[in-house]
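Geometric and topological summary
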Amino acid sequence: MSRRALTTAAAALTATTALLLTACGGGGDKSSDDIKGADTGSTSPSASASGGSQAGRPDVSVPKDLDLVFDFDTPSDAKHAAALADAANYIRALDHGIAQQDANDAAYKFYSTGGAQKYAKSQIQAWVKGGWTVTGRDRYFKAEVAPVGDGKALLATFCRNQADFFSKKVKTGTVNRTEENLDSYQKFSLLMSPSTTSSQVWQARQIEVQGRVKECKA
């Protein structure tokens, strides 16, 4: 089952793209959202590399049969490291919501706003509607972080290999296994900015997920 983005982060932050949401064995949804520039502060949040709950942060733990792997080198710049860590927490939170079967789960709302929050909710809703949860191994790698505009917002990009990431029926436990192919490889782009309520947290504002990315398979 793959997660496809409904929004595009372009250099001018004004482009719009609609991609079909697909789900292995599940249903689908289709919508779009405009990319806007982010109003951000000049704080220097610290990184949160743990998937567990920390003081003031929601639980983003996932089931034992789901292995989320973030094979990232930690950026030397503190802001870049914090943004990348919370981009990973956004992914964890999305899967946490699916596992909890809760489209209004607090975790993804904590780590996102704007289009990225709408995307997470739509993804969780699609999985819940289909009666699916997540299982297997989901690997993210080749991470890069770059400033956007005046540098207060950052664009975190990374590859994904979901060849061993599967959907599982909540009621029966039946796993929908698929063979590895080019569809297994995606590229994520997350527009990150500091939260307006906490200087220690970065939030995903917009998201793009490109499918069938050959450079991520190489």
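Residues numbered from 1 in each chain as written. Predicted model: local features only at pLDDT ≥ 70, side-chain atom pairs only at ≥ 80, totals over all residues. Heavy atoms only, no water.

1. Observations regarding unusual backbone geometry
For Gln-101, which is not a glycine, the phi torsion comes out positive at approximately 55°. Residue Arg-212 is not a glycine yet carries a positive backbone phi of 55°. Assignment of secondary structure puts Arg-212 in the loop between β6 (202-211) and α4 (214-217). (Helix = DSSP H or I, 4+ residues; strand = E, 2+ residues; numbered from the N terminus.)

2. Focus: the nonpolar core
Grouped together as the largest cluster of nonpolar side chains are 40 residues, with contacts concentrated most on Tyr-90, Tyr-140, Phe-158, Leu-190, Met-192 and Ile-207. Elements supplying a minimum of two residues to this core: β1 (66-71), α1 (78-100), α2 (106-110), α3 (114-130), β2 (132-148), β3 (153-169), β5 (185-194) and β6. Discounting residues that sit within four places of it in the chain, Tyr-90 has contacts with Tyr-111, Ser-112, Ala-116, Tyr-119, Ala-120, Leu-190, Ala-204 and Ile-207. Ranked by size, the runner-up nonpolar core spans 5 residues in total, among them Phe-141, Cys-159, Tyr-185 and Cys-216. (Core = buried A, V, L, I, M, F, W, Y, C linked by side-chain atoms within 4.5 Å. Buried < 20%, exposed > 50% of the residue type's maximum accessible area, 1.4 Å probe, protein only. Contact = heavy atoms within 4.5 Å.)

3. Looking at the pattern of salt bridges
For side chains bearing opposite charge, pairing can occur when the charged atoms are close. According to the stated counting rule, one finds 7 salt bridges in the structure shown. Its salt-bridge partner being Asp-65, residue Lys-168 comes within 2.7 Å of it at the nearest N-O pair. One end of the pair, Lys-168, is in strand β3; the other, Asp-65, is in the segment before β1, and 103 residues separate them in sequence. Take Asp-65: its relative accessible area is 32%, and that puts it in the partly exposed class. Asp-67 is paired through a salt bridge with Arg-137; the nearest N and O atoms lie 3.8 Å apart. A residue pair is termed long-range when its members are at least 10 positions apart, and Asp-67 in strand β1 and Arg-137 in strand β2 qualify at 70 residues. (Salt bridge = Lys/Arg side-chain N within 4 Å of Asp/Glu carboxyl O.)

4. Things to note about the state of the cysteines
Disulfide: a covalent bond connecting the sulfur atoms of a pair of cysteines. On inspection of all chains with the given rule, the structure shows 1 disulfide. Residue pairing for Cys-159: its cysteine sulfur links by disulfide to Cys-216, the two sulfurs lying 2.0 Å apart. Taking the sign of the torsion about the S-S bond as the criterion, the disulfide between Cys-159 and Cys-216, at about -75°, is left-handed. Separated by 57 residues along the polypeptide, Cys-159 in strand β3 and Cys-216 in helix α4 bring together distant segments of the chain. Like Cys-159, the residue Cys-216 is buried in the burial classification. (Disulfide = S-S within 2.5 Å.)

5. Here we look at the environment of Gln-162
Looking at where Gln-162 falls in the secondary structure, it is placed in strand β3. Residue classification places Gln-162 among the buried positions, given a relative accessible area of 7%. C-alpha of Gln-162 to C-alpha of Asp-183: the two residues are 21 residues apart in sequence and 8.4 Å apart in space. Only 3.1 Å separates the side chain of Gln-162 from the side chain of Arg-160, close enough to count as a polar contact. (Polar contact = N/O pair within 3.5 Å; in protein donor to acceptor, adjacent residues only side chain to side chain.)

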